[in-house]
Amino acid sequence: HMSNGSSITQFLLLAFADTRELQLLTFWLLLGIYLAALLGNGLIITAVACDHRLHTPMYFFLLNLSVLDLGFISTTLPKAMANSLWDNRAISYPGCAAQLFLLLFFISAELCLLTLMAYDRYVAICKPLHYGTLLGSRACAHMAAAAWGSAFLHAVLHTANTFSIPICKGNALDRFFCEIPQILKLSCSDSDLREVGLLVVSACLVFGCFVFLVVSYVQILRAVLRIPSEQGRHKAFSTCLPHLALVSLFVSTGIFAYLKPPSISSPFLNLVVSFLYSVVPPAVNPLIYSMRSQELKDAL
């Protein structure tokens, strides 16, 4: 029996497939994606950690991002793989809470890190002479710690709040993992003021990061356009391209997942949307970076 008055001991996740053959196919497909993500991010972590030429702020933040991506994809995929393999849809109540917490933690930290990476590119291109002082190793460590710390706090607040709301509208979720809006749909009260308050906090965090990203890139573009030589412009901008690609991927999949109108909702679309923003960025990020960065290729 749950302390908050709801007697739910487990939630039912959205299944990828209903026939056995498709379930097994899904399992192998997810396993392939998961292994590719482990390999890609693992290689980046190893290369950056072991090659002293990559001990720069840009690669330090990339290392952090790869660690986050590994955590991010490990929060949702192994459970989905197990459920597909054993023809099961259940996730326990504590398991759901843990998944929600980790998901929030990794998503918030990833957003903070992408913002820090924009700052890194901004300083490198707009204030190159101050790069060593503004982004020394201690400053970088402090910034990364702030990103991880604020993400942790954000996740704790949301998780504690979401699971203190009594649930009385069944236990089936519209995603293949636990997520706040899905759990709120099952709550007894229609609108919970605390959750609205916390969502405002989240919106401010996201909006703040987004504004910072846009402003950084406007400054970067202005600086790049002032570079006299074509080659110099190309070189300066190509160090930003992977980061821009990551941000666009992360933001567009997130916006699509959370802001699509409820009228266009089918189990298949819900599956595609949740897959897009929880699996695609962590699996594709290493690819985007290693394709663009010559230094990383050499190190590998």
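Predicted, not measured: the structure shown is a model, and the values here were computed from it.

1. Remarks on a nonpolar patch on the surface
No. 1: Taken together, Leu-39, Leu-43 and Leu-300 make up a surface patch of nonpolar side chains, about 290 Å² in accessible area.
No. 2: Relative to the helices and strands, Leu-300 resides in the segment after α12 (294-299).

2. Here we look at the state of the cysteines
No. 1: One pass over the structure, following the stated rule, counts one disulfide.
No. 2: A disulfide bridge connects Cys-96 with Cys-178, and the sulfur atoms are separated by 2.0 Å. Looking along the S-S bond of the Cys-96-Cys-178 disulfide, the torsion reads about -120°, which is the left-handed sense. Placement of the pair is Cys-96 in helix α3 (residues 93-126) and Cys-178 in the loop between α5 (137-162) and α6 (180-184), with a sequence separation of 82 residues.
No. 3: This cysteine, Cys-126, is not joined by any disulfide, and Cys-240 carries the nearest cysteine sulfur, 8.6 Å off.
No. 4: For Cys-126, a relative accessible area of 27% corresponds to the partly exposed category.
No. 5: Sulfur of Cys-204: no disulfide; nearest cysteine sulfur belongs to Cys-209 and is 11 Å away.

3. A short note on the UniProt feature "transmembrane region" (unreviewed entry) in the protein
No. 1: The residues that UniProt annotates with the feature "transmembrane region" (unreviewed entry) are residues 27-50, 57-77, 97-119, 139-157, 196-218, 239-259 and 271-289.
No. 2: Structurally, residues 27-50 is divided into 100% helix and 0% strand, and its ends, taken at the C-alpha atoms, are 34 Å apart.
No. 3: This span, residues 57-77, is 100% helix and 0% strand, and a straight line between its end C-alpha atoms measures 30 Å.

Calculation criteria
Residues numbered from 1 in each chain as written. Predicted model: local features only at pLDDT ≥ 70, side-chain atom pairs only at ≥ 80, totals over all residues. Heavy atoms only, no water. Patch = residues over 30% accessible without salt bridge, like charges linked within 9 Å, V, L, I, M, F, W, Y side chains within 5 Å. Areas by Shrake-Rupley, 256 points an atom, 1.4 Å probe, with all protein chains shown as cover. Salt bridge = Lys/Arg side-chain N within 4 Å of Asp/Glu carboxyl O. Helix = DSSP H or I, 4+ residues; strand = E, 2+ residues; numbered from the N terminus. Disulfide = S-S within 2.5 Å. Buried < 20%, exposed > 50% of the residue type's maximum accessible area, 1.4 Å probe, protein only. UniProt positions renumbered as here; feature names shortened; annotations may be inferred.

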